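Topology and contacts: notes
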Protein chains: 2
Amino acid sequence: MLEKYILAAKRSEKADLVLKNTQYLDVFSGKVRKGDIAIVGDKIVGIGEYEGREEIDCSDLTVLPGFIDGHVHIESSQLSPEEFASLIVPRGTTAIIADPHEITNVCGIAGCEYILKAAASVPLDVMLNLPSCVPATPFETNGATLTGKDTAKYVARNYIFGLGEFMNYPALIGCDADALKKAEAAIACGKVIDGHAPSVSGYDLNAYLCCGVTTDHECSDKAEVEEKISKGMYLHLRHGSSTRNLGNAKFMTAENSRRFLICTDDRHAADLKEFGHIDDALRKMVASGVDPARAVACATLNAAECYGLKFRGAIAPNWLADLAAVDNMKNFNVKLVVKSGKVVARDGKPLFDTSKRYLPKNVLNTVHIPRLTADDFKLDVNSDRLKAITVEQGGILTDCETVTVKRADGDVSVKDTDLLKLAVVERHKMTGNIGKGLLKGYGFKGGAMGLSVSHDSHNIILLGDDNRAMAGAANRLKEIGGGMVIVDSAENKIYSLALDIAGLMSSRDAESLQRDSKELIERAHAMGVKRGYSAFMSLAFLSLAVIPKLKLVDKGLFDVEKFAFTSIEE
Amino acid sequence: MLEKYILAAKRSEKADLVLKNTQYLDVFSGKVRKGDIAIVGDKIVGIGEYEGREEIDCSDLTVLPGFIDGHVHIESSQLSPEEFASLIVPRGTTAIIADPHEITNVCGIAGCEYILKAAASVPLDVMLNLPSCVPATPFETNGATLTGKDTAKYVARNYIFGLGEFMNYPALIGCDADALKKAEAAIACGKVIDGHAPSVSGYDLNAYLCCGVTTDHECSDKAEVEEKISKGMYLHLRHGSSTRNLGNAKFMTAENSRRFLICTDDRHAADLKEFGHIDDALRKMVASGVDPARAVACATLNAAECYGLKFRGAIAPNWLADLAAVDNMKNFNVKLVVKSGKVVARDGKPLFDTSKRYLPKNVLNTVHIPRLTADDFKLDVNSDRLKAITVEQGGILTDCETVTVKRADGDVSVKDTDLLKLAVVERHKMTGNIGKGLLKGYGFKGGAMGLSVSHDSHNIILLGDDNRAMAGAANRLKEIGGGMVIVDSAENKIYSLALDIAGLMSSRDAESLQRDSKELIERAHAMGVKRGYSAFMSLAFLSLAVIPKLKLVDKGLFDVEKFAFTSIEE
């Protein structure tokens, strides 16, 4: 087993692949060194002067260890794992810690299994964490429930890497028995527990950490960074599409820098395609003044150490041959990617088959609703004074505004106002639940729009000023197995795009998906959605019942601060 | 399971133990912070303001994580594991990576089991590596053999932490099948492989590393340090009794410092008692200009990371409550030691029962030799020109000098010369082997001296100028089950000290052992052993057939450079 590596290492035999004349980053010392990198099988066997059966001249490249995304929800790209890999691998990412929180909330453990099996055909290592919060809250209907007992059963399985971000920190701190069972199960089998604890500090943080949580990607200022690091956490610098805190890199010091990783958390296909993945985070960090070697360590060695990935995250004999060769450590243009010893991407293009799709039945056709009619969207209230949700542009925080409405025929009319009807249609279990509310200031007019992505239970969320259009939108989503939809009442037309995998992701290629998605987004803006909003994705967060202040779920209007349902009537 | 920690962390319940008003070192940030350290069971649950059922005021102390000795042969202290702990735990050491190479060469796997079971009664975590080189060389007779097949069987056992320092690097680099089997077995069960590769570099080092070796404690200069770190090794800074390279700490940089640990390797009881253990290494490092926080990280967090010891090596919620409270980070006088949440030492004194001894039969009475007579030590040669061993003072390197001797009655006479007879008597398997040689310039006269500690096979090594005295010395060692002995021919007296455990370690307490040992050493010097030598221990290394140049083993005189036996006749 070892002999072939040894013989190549000492040059008694040729290596399989040699990257000739490289400059490479020694992340252990933070120094750029020179040499040929010799590879046998999936291992680096030596650095020096080597000959290989295949040789690639790298005179003008700087070779880095392959990048590790420390925390990502693949689903947020709306791409299949295969297509996701086709975008990020050419950007130098060779491993991800994936938390399939979204698809598991739709499909249960089958969602986890799908992600892993789909990713098996692409040259990307997916370390799959079992989502810890399924459902995210007890106040909504989702597609599956992972109790403490379920978690204990699944987290011990070989294919599960760890326990996904424990967002329900109040449950742990509050000693909720089921939540504790989940953490205890992960501890019992020695698996990592990722954290998510925005602004949690002091004694609450101490309590949270006592549950074995090791990471956080939610820090927002220096004090939070310093406290969490001093208490032993690893911190992800986040470079997502909507939420970012790469700026925390400025709090890195010589002493604490080993505790920083990089993650993308939620990153859309468009950003992956246009700007990149971890390569883009490195570019931004270095542009902001971070030492390049230190930045790269965050994306490589530090991540490997945090997650106990042995012999990974550096360029050294016996370490995994995952490599990203860049033009330089300023621009980080990835020119060549080696995954497990094989050249898998060049000049930003994947060299692997990107057309494969693993599509098991249990992640398809996941929209289960009765056929809806205009009447289902009537808002029958007993008062003219109603609560409306407002949402900040470019963010996900909402507020509550009391508005005066006109009522007629057991309904509220939003014509000629800046109000829209908002509805969350339960789509997993045919309960018939429709949560109803009002949205103010979003700007859409003349029909309805909606999608089957709505955090974290991913019911159908719709807005509109026309009940019939809203029903039509929901029915179309049922037909296409989930996705995005716009109904133009004036034209009497329905425009839609399928997200056939769990109603969250598309089995199509990124390029055509994006083209169509862009068209739909532009149509939404043309119908009035203000440019400050991300037309569909801003909508997708209006049911996220853990982010203040007023949200809508399938069971009704939810006051996040009181952590309880609230009446729409003021 | 977790609830009690959480409740104490958030101050809903009192902690078990609180170190009040501490300054403590946050090794993650390299900063000294302030707060009460609250402990429940064996865990730290929080830092802040806490109340405990037991409280200890630490206003004038600086609390550090308990020290980890990254590589140590307990046997070199000549103390039982229990007594060893009674010396090092009060010095702040709470965990060791132990390699029972010596006792395993005498007793086989029973030696490993003995060390672990003996250590079970003391508050010291012993991570036990299976020795990889038993026997150390094929040229000598030792007490046990661990083949590749044996290693595969044992290394997978739960109680075995990893594979001990792979000293036989030529075997790995040379693709020796049995050596490879050992490394492969450790890799197969995911266990660490410690290294030992003095001056190995370049392609040989690449080959050695391809066998999964992760550490080294033998670096002697900057180039060696830099190469080994750049190739992914962790380096132990060694603070042993005879071999030290703490000075390598000057090659630590902000970037590479996380790759440095501290170890003692071989450290005598006298040094442990007088100067200390890891505390002494820290003192010396800081005195030489190393940043105190960085030095402490080597002995704590870095060691834990290297060996994959989770939640250990720092002061943070959920981390193991192993703590060493010192006066300051200059003197490192350890005032209070907490092991797994219990106060186990104060002011340099152990608070645990130090009188216990686990003494299984299979580590006792390990000297198996026939009764010897003066004739057994005759040196019957055919030439007057013989090779004599010379040994550097204060070191273990030997040289070869050709001397002219007087022969009579089938023997060599060393009377009135600066030569001594040297003999290695096989003591494990009753083979009757006696390797014979000459030693020049050691200085002893008027009898014989010897001991049952002789690296690495631990046969009896004797020197003398009187055959009868040499036989008497050997026979006494048999009677007492091994140890140290001096025969004074003029007085016709035998002085001895038993090392009853495997002929290597004493079951007595350190203090009385040292008193008697010192007396014996003084007697040896009084009989002429030059002060530049460590009277007995210099002798113990004369059979170490892996250190140049001329050595004596039970099968004869060995030329280390030619790696072959050599005739005593020039």
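Heads up: these notes are all about the structure in this document.

Scoring rules and cut-offs
Residues numbered from 1 in each chain as written. Chains lettered and ligands numbered in written order. Predicted model: local features only at pLDDT ≥ 70, side-chain atom pairs only at ≥ 80, totals over all residues. Heavy atoms only, no water. Contact = heavy atoms within 4.5 Å. Buried area = accessible area lost by both parts, 1.4 Å probe. Salt bridge = Lys/Arg side-chain N within 4 Å of Asp/Glu carboxyl O. Polar contact = N/O pair within 3.5 Å; in protein donor to acceptor, adjacent residues only side chain to side chain. Helix = DSSP H or I, 4+ residues; strand = E, 2+ residues; numbered from the N terminus. Nonpolar A, V, L, I, M, F, W, Y, C, P; charged D, E, K, R; others polar. 1 Å grid on protein atoms, 1.4 Å probe; cavity = no way out; pocket = protein on both sides within 12 Å on 5 of 7 lines; lining within 4 Å. Points joined across faces, edges and corners; volume = space filled by probe spheres on them.

Across the contact, 63 residues belong to chain A and 63 residues belong to chain B. Counting the surface lost from both chain A and chain B, the interface buries some 4900 Å², and carbon and sulfur atoms represent 58% of this. Three residues, Tyr203, Cys210 and Arg258 of chain A, lead the burial of chain A against chain B; their summed loss comes to 15% of the area buried on that side. In this assembly, chain A and chain B are joined by 6 salt bridges. For Lys31 of chain B, the salt bridge goes to Glu226 of chain A, with nearest N and O atoms at 3.6 Å. In this structure, the connection of chain A to chain B is made through 22 residue pairs in polar contact (both at pLDDT 80 or more). With 6 residues, the top contributor of residues to the side of chain A that touches chain B is strand 3 (residues 43–48) of chain A. For the side of chain A that touches chain B, the residue count by class is 32 nonpolar, 14 polar and 17 charged.

One simple way to see leftover space: roll a probe sized like a water molecule over the atoms. Tallied over the full model, the rule gives 11 cavities of 30 Å³ or more. Estimated volume of the largest cavity: approximately 310 Å³. Lining the largest cavity are 21 residues, and of these Ala254, Glu255 and Ser257 of chain A together with Ala254 and Glu255 of chain B lie nearest its centre. Every element with two or more residues in the lining of the largest cavity is listed here: helix 12 (292–299) of chain A together with helix 12 (292–299) of chain B. Split by residue class, the lining of the largest cavity holds 8 nonpolar, 5 polar and 8 charged. For the second largest cavity, the full set of lining residues is Glu75, Ser76, Gln78, Glu102, Ser242, Asp266, His268, Val453, His455, Leu504, Met537 and Phe541 of chain A. Of the residues contributing to the lining of the second largest cavity, the split by class is 4 nonpolar, 5 polar and 3 charged.

Moving on: the pattern of salt bridges. Residue and element names in this part refer to chain B. Scanning the entire structure with this criterion turns up 66 salt bridges over all chains. The partner of Glu511 in a salt bridge is Lys273, with the nearest N and O atoms 3.9 Å apart. Pair noted here: Glu511 is in helix 15 (residues 510–526) and Lys273 is in helix 10 (residues 269–274), with a separation of 238 residues, a long-range link. Taking the shortest distance from any N to any O, the salt bridge between Arg283 and Asp279 comes out at 3.3 Å. Pair noted here: Arg283 and Asp279 are both in helix 11 (residues 278–287), with a separation of 4 residues, about one helical turn.

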